Amino acid sequence: MESLAPRILFWFFAALMLGSALIVVHGRNLVHSAFALLATFFSAAVFYAFLGADFLAGAQVLIYVGGILILLLFGVMLTNRIFDVNLRTETFQVAPSALVAAGVFGMLTLLILKTPWRQVSLVEEGPTTEKIGSLLVTTYLLPFEIASVLLLVALLGAAMLVRRRSDL
Amino acid sequence: MIPLEYYLIVSAALFSLGLYGLLTRKNAINVLMSVELIFNAANINLVAFSRFVGGNLEGQVFALFVIAIAACEAAVALAIVMSLFRHLKSVSLEGASALKG
């Protein structure tokens, strides 16, 4: 009988992730949604750590929490009046969307449980940073370079899009 | 060890929540947050398959690229939201019905 602690931790973080995701999609306050997203991202990082992906867990915290979430908060603050304490946000067509989402979840769950996954038994443990690093500069060198060009293009494009007309 | 199916079901639930937010939200920034939820669900799937089915690190490298693309997407989408806000004085997607600025 294996120990119970990993299971309890897994379900705790699964509940945290799904609960905060529910606040993200159903909360009335935009800033509350943004902070609930923080909990979701952290729980996803914990999941990566569970799965033995230590580098990815670190990257998740650094890029998602430190980058994308801050960017979204900037978006919230720049597009709403900051002194407006309750940044309200609306929902519409709730019932059909809930039906669609529940249907998708039901079908995915059925698919997951019915499929006989071909699982490998031997999994190498240990730090992954070095292996991912060497994969990135050998097998995945071209996608890596394309990703860096894409980041540059996104940087220039975003700067151009938000530029005021008078700067042209 | 937690079986593969549990990870997949949690990620399917996260994906469905993101889809629900994508369909119901009026605020453009909230729609972006829902898209990020869907990205995270896909990433959890990739890492879980990388560990349980593939047995190597390919899925993790893929997830790393997904994170990089998500950063690009967030930056460009927020820039579009900004210029939308400048034109329409709101970020409600109902007002954004014309492509011409």
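Residues numbered from 1 in each chain as written. Chains lettered and ligands numbered in written order. Predicted model: local features only at pLDDT ≥ 70, side-chain atom pairs only at ≥ 80, totals over all residues.

**Comments concerning the overall build of chain B**
No. 1: The helix and strand inventory of chain B stands at three helices and zero strands.
No. 2: The linear arrangement of helices and strands in chain B, starting from the amino end, is α-α-α.
No. 3: A compact globule built from 101 residues should have a C-alpha radius of gyration of about 13 Å, whereas chain B, at 17 Å, is more than 25% larger.
No. 4: Projected onto its principal axes, the C-alpha positions of chain B cover 50 × 25 × 15 Å.
No. 5: Buried residues in chain B amount to 51% of all 101 residues. (Helix = DSSP H or I, 4+ residues; strand = E, 2+ residues; numbered from the N terminus. Rg over C-alpha atoms; globule rule 2.2 N^0.38 Å. Buried ≥ 20, exposed ≤ 12 C-beta atoms within 10 Å, placed from the backbone.)

**As for the overall build of chain A**
No. 1: Scanning chain A from terminus to terminus reveals six helices and zero strands.
No. 2: For chain A, the succession of helices and strands along the chain, N to C, is α-α-α-α-α-α.
No. 3: Of the contacts formed within chain A by residues at least 6 apart in sequence, a portion of 53% connects residues at least 24 apart. (Contact = placed C-beta atoms within 7 Å.)

**Describing the confidence of the model for chain A**
No. 1: Looking at chain A, pLDDT values average 86 and 89% of them are 70 or higher.
No. 2: The least confident element of chain A is helix α3 (residues 54-79) of chain A, whose mean pLDDT is 89; the most confident is helix α6 (residues 141-161) of chain A, at 93. (pLDDT = per-residue confidence, 0-100.)

**Structural notes on the interface of chain A and chain B**
No. 1: Residue-level contacts link 72 residues of chain A with 59 residues of chain B.
No. 2: Counting residues per element, the ones that place at least two in the side of chain A that touches chain B are α1 (5-26), α2 (30-50), α3, α4 (94-114), α5 (129-137) and α6 of chain A.
No. 3: No other element matches α3(A), which puts 13 residues into the side of chain A that touches chain B.
No. 4: Looking at the side of chain A that touches chain B residue by residue, the class counts come to 53 nonpolar, 15 polar and four charged. (Nonpolar A, V, L, I, M, F, W, Y, C, P; charged D, E, K, R; others polar.)

**Looking at the packing of α1(A) against α2(A)**
All names here are of chain A.
No. 1: Where α1 contacts α2, the two axes come as close as 8 Å, and the packing angle between them is 150°. Accordingly, the angle class assigned to the pair α1 and α2 is roughly antiparallel. Crossing angle aside, the handedness with which α1 passes α2 is left-handed. On α2, the residues that touch Phe10, Phe13, Leu16, Met17, Ser20, Ala21, Ile23 and Val24 of α1 are His32, Ser33, Ala36, Leu37, Ala39, Thr40, Ser43, Ala44, Val46, Phe47 and Phe50.
No. 2: Considered class by class, the residues forming the contact of α1 with α2 number 14 nonpolar, five polar and no charged. (Axes fitted to C-alpha atoms, helices over the stretch in contact; angles between N-to-C directions. Parallel < 35°, antiparallel > 145°, perpendicular 65-115°, else oblique. Left-handed = near helix turned anticlockwise from the far one by under 90°.)

**With respect to the packing of helix α1 (residues 4-24) of chain B against helix α2 (residues 28-54) of chain B**
Residue and element names in this part refer to chain B.
No. 1: At a minimum axis distance of 8 Å, the contact between α1 and α2 shows a crossing angle of 165°. It follows that α1 is roughly antiparallel to α2 by the angle criterion. Both α1 and α2 take part in a crossing whose hand is left-handed.
No. 2: Within the contact of α1 with α2, the residues separate by chemical class into 17 nonpolar, seven polar and no charged.

**Some remarks on the nonpolar core**
No. 1: A:Phe47, A:Tyr48, A:Leu72, B:Leu14, B:Ile29 and B:Val47 are the most contacted members of the largest nonpolar core, which has 63 residues in total.
No. 2: At the level of elements, α1, α2 and α3 of chain A together with α1, α2 and α3 (58-88) of chain B are the ones that each hand at least two residues to this core.
No. 3: Look past the residues within four positions of B:Val47 in its chain and what remains in contact with it is A:Tyr48, A:Leu51, A:Ala53, A:Leu56, B:Gly59, B:Gln60 and B:Ala63. (Core = buried A, V, L, I, M, F, W, Y, C linked by C-beta atoms within 7 Å.)

**Quick word on α3(A)**
No. 1: With 26 residues, α3(A) extends 36 Å between its outermost C-alpha atoms, agreeing within 8% with the 38 Å of an ideal straight helix rising 1.5 Å per residue.
No. 2: Of all the bends in α3(A), the largest measures some 30° and sits at A:Tyr64.
No. 3: Burial in α3(A) covers these residues: A:Leu56, A:Ala57, A:Ala59, A:Gln60, A:Tyr64, A:Ile68, A:Leu69, A:Leu72, A:Gly75, A:Val76 and A:Thr79.
No. 4: If you follow the buried residues of α3(A), they end up packed against α2 of chain A together with α2 and α3 of chain B. (Expected span 1.5 Å × (residues − 1). Bend = angle between axes of the 7 residues up to and from the residue.)

**Re the environment of A:Leu30**
Residue and element names in this part refer to chain A.
No. 1: By the secondary structure assignment, leucine 30 is in helix α2.
No. 2: Exposure remark for leucine 30: the 23 C-beta atoms within 10 Å place this residue in the buried category.
No. 3: Sequence separation between leucine 30 and glutamate 90 is 60 residues; the distance between their C-alpha atoms is 9.7 Å.

**A short note on the confidence of the model for chain B**
A low pLDDT means the predicted coordinates there should not be read in detail.
Residues and elements named next belong to chain B.
No. 1: Per-residue confidence for chain B gives a mean pLDDT of 88, with 97% of residues at or over 70.
No. 2: Across chain B, element-level confidence peaks in α1 with a mean pLDDT of 93 and bottoms out in α3 with 89.
No. 3: For this predicted complex, the interface score ipTM comes out at 0.89, alongside a pTM of 0.89.

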